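# Structural characterization, general
As a plain string of letters, each chain reads:
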Amino acid sequence: GTGLNKFRTQFPERFFDVGIAEQHAVTFAAGLACDGLKPIVAIYSTFLQRAYDQIVHDVALQSLPVRFAIDRAGLVGADGPTHAGVYDIAFLANLPNIVLMAPADELELANMVETSLAINDRPSAFRYPRGSIYGAELVANSNVIDIGKGRIIIEGQKLAIVSYGTLLAQALCVAKMVKDNNGFDITVVDARFARPLDTNLLDILAQNHDVLITLEEGVVGGFGSLVAQYFSDKEYACVRLKHIVLPDYPIEHADTKVQLELANLGAEQIYNKLLHLIS
């Protein structure tokens, strides 16, 4: 299910199948990291929850460079609520020394895999969805990206949407709606990192916009909460914040596009949420 069958065939001596023993997988990887190897733990987001104790005690507290490839992040269509990866941002966001990444497309995913392999002093994780996402059809090359650096996709005014992960596609649709219906550009940012946050970029956005909106395919307590905590720790009054997250109820089996609408994360629904802010 994690797509490692080809890797297993090509590199049998570098592949370890522990079945569904997620706790063992994480502790085993911690031991490998202690001995100088570069383990990648590939587990569905929803099942990584089973190994939370091991992530905390065996990896994070010792700041071991275990890399977590978090599959099935976000809503998962026909796999339904049992397999929906909606909690990983929140349950990893409070751990010490961890680097948390979420790509918006295939090229960024390849870059984040490369980046995680270059991180040798602490744990790291990158989350990605079930199925295909927007971006390059074939990734030929990948590069290490600057840790904790987001990127501005559209530079605008008044409102800034800071998206974490694949909902960047929704944010770009919303920006087009605002341009077509309201006559101005809003800023759209691909955060890339939840930890460490790009605080320099957040400060610039706060200074130049009336409202800062965070967007993520995860529950409350994740990326948006980290942004809110950052601004709450500052001594001066900051920009108005609005957080758009998954609702506090499970989303049943459906096409992923339908699921996003059921979760009020469709582009038109997000736009409607912003209308009163725009006016």
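Located above this text is the structure these notes cover.
Everything in this summary refers to the structure shown in the same document. Everything numeric in this text was worked out from a predicted model, so none of it was measured. (Residues numbered from 1 in each chain as written. Predicted model: local features only at pLDDT ≥ 70, side-chain atom pairs only at ≥ 80, totals over all residues. Heavy atoms only, no water.)

Per the stated rule, a full pass over the model turns up 3 cavities of 30 Å³ or more. Its volume calculated, the largest cavity comes out at about 70 Å³. What the second largest cavity holds in volume is close to 50 Å³. Lining the second largest cavity are Ala73, Ala102, Pro103, Arg127, Tyr128, Pro129, Tyr164, Gly165, Thr166 and Glu217. When the residues that make up the lining of the second largest cavity are grouped by side-chain class, the tally is 6 nonpolar, 2 polar and 2 charged. (1 Å grid on protein atoms, 1.4 Å probe; cavity = no way out; pocket = protein on both sides within 12 Å on 5 of 7 lines; lining within 4 Å. Points joined across faces, edges and corners; volume = space filled by probe spheres on them. Nonpolar A, V, L, I, M, F, W, Y, C, P; charged D, E, K, R; others polar.)

Interaxial distance between helix H7 (residues 168-182) and helix H11 (residues 267-278) falls to 9 Å at its minimum, and their mutual angle equals 50 degrees. As far as their axial angle goes, H11 and H7 are oblique. Relative to H11, H7 is oriented so that their crossing is right-handed. In this structure, H7 uses Gln170, Cys173, Val174, Met177, Val178, Asn181 and Asn182 to contact H11, whose residues at the interface are Ala267, Glu268, Ile270, Tyr271, Leu274 and Ile278. Along the lines of polarity and charge, the residues of the contact of H7 with H11 split into 9 nonpolar, 3 polar and 1 charged. (Axes fitted to C-alpha atoms, helices over the stretch in contact; angles between N-to-C directions. Helix = DSSP H or I, 4+ residues; strand = E, 2+ residues; numbered from the N terminus. Parallel < 35°, antiparallel > 145°, perpendicular 65-115°, else oblique. Left-handed = near helix turned anticlockwise from the far one by under 90°. Contact = heavy atoms within 4.5 Å.)

Moving on: the nonpolar core. Of all hydrophobic cores here, the largest spans 46 residues; its most connected members are Val66, Phe68, Leu92, Leu100, Tyr164, Leu212 and Phe223. Discounting chain neighbours no more than four positions away, the residues touching Val66 are Ala29, Ala30, Ala33, Pro39, Val41, Val59, Pro123 and Ser124. Judged by nonpolar contacts, the second largest core, of 33 residues, contains Ala104, Leu159, Val174 and Ile278. (Core = buried A, V, L, I, M, F, W, Y, C linked by side-chain atoms within 4.5 Å. Buried < 20%, exposed > 50% of the residue type's maximum accessible area, 1.4 Å probe, protein only.)

What follows covers unusual backbone geometry. In this model, Arg195 is joined to Pro196 through a cis peptide bond whose omega is -10 degrees. Relative to the assigned elements, Pro196 resides in the loop between strand E8 (193-195) and helix H8 (199-208). In this model, Asn97 sits at a positive phi of 65 degrees, which is unusual for a non-glycine residue. Take Asn97: it is sitting in the loop between helix H5 (88-93) and strand E3 (99-101). Taking relative accessible area as the criterion, Asn97 reaches 40% and is therefore assigned partly exposed. In this model, Arg192 sits at a positive phi of 70 degrees, which is unusual for a non-glycine residue. When you line up the elements, Arg192 lands in the loop between strand E7 (187-190) and E8.

Looking now at the side chain of Gln259. Looking at the secondary structure, you find Gln259 in helix H10 (residues 256-262). Taking relative accessible area as the criterion, Gln259 reaches 1% and is therefore assigned buried. One polar contact links the side chain of Gln259 to the main-chain amide nitrogen of Gly77, over a distance of 2.7 Å. In this structure Gln259 touches Leu75, Val76, Gly77, Ile251, Glu252, His253 and Ala254, once residues within four positions along its chain are discounted. (Polar contact = N/O pair within 3.5 Å; in protein donor to acceptor, adjacent residues only side chain to side chain.)

Further remarks concern the pattern of salt bridges. Taken as a whole and assessed by the stated rule, the structure comprises 13 salt bridges. In this structure, Arg72 engages Asp79 in a salt bridge whose closest nitrogen and oxygen atoms are separated by 3.9 Å. Judged by its relative accessible area of 15%, Arg72 falls in the buried class. For Asp79, a relative accessible area of 22% puts it in the partly exposed group. The shortest N-O distance in the salt bridge between Arg192 and Glu108 comes to 2.7 Å. Of the two residues, Arg192 sits in the loop between E7 and E8 while Glu108 sits in helix H6 (residues 106-118), which places them 84 residues apart along the sequence. Here the two residues Arg192 and Glu108 agree in accessibility, since each one is buried. Salt bridges sharing common partners tie together Asp71, Arg72, Asp79 and Arg130. (Salt bridge = Lys/Arg side-chain N within 4 Å of Asp/Glu carboxyl O.)

With that settled, the discussion passes to the sheet that holds E3. Read across the open sheet, the 5 strands follow the order E1-E2-E4-E3-E8; overall the sheet is mixed. In this open sheet, the two edge strands, each paired with only one partner strand, are strand E1 (40-44) and E8. Strand after strand, the sheet turns through a mean of 20 degrees between neighbouring axes, direction not considered. Against the sheet, helix H2 (residues 22-34) makes contact with E1 and strand E2 (67-71), and its axis sits at roughly 165 degrees relative to E1, the strand it touches most. (Pairing = 2+ DSSP bridges.)

A few words now on the environment of Val41. Mapped onto the elements, Val41 comes out in strand E1. It is 9.6 Å that separates the C-alpha atoms of Val41 and Phe28, two residues lying 13 residues apart in sequence. The contacts of Val41, once residues within four sequence positions are left out, are Ala25, Val26, Ala29, Val66, Arg67, Phe68 and Ala69.

Take it as geometry only, folks, not as evidence of what the structure does.
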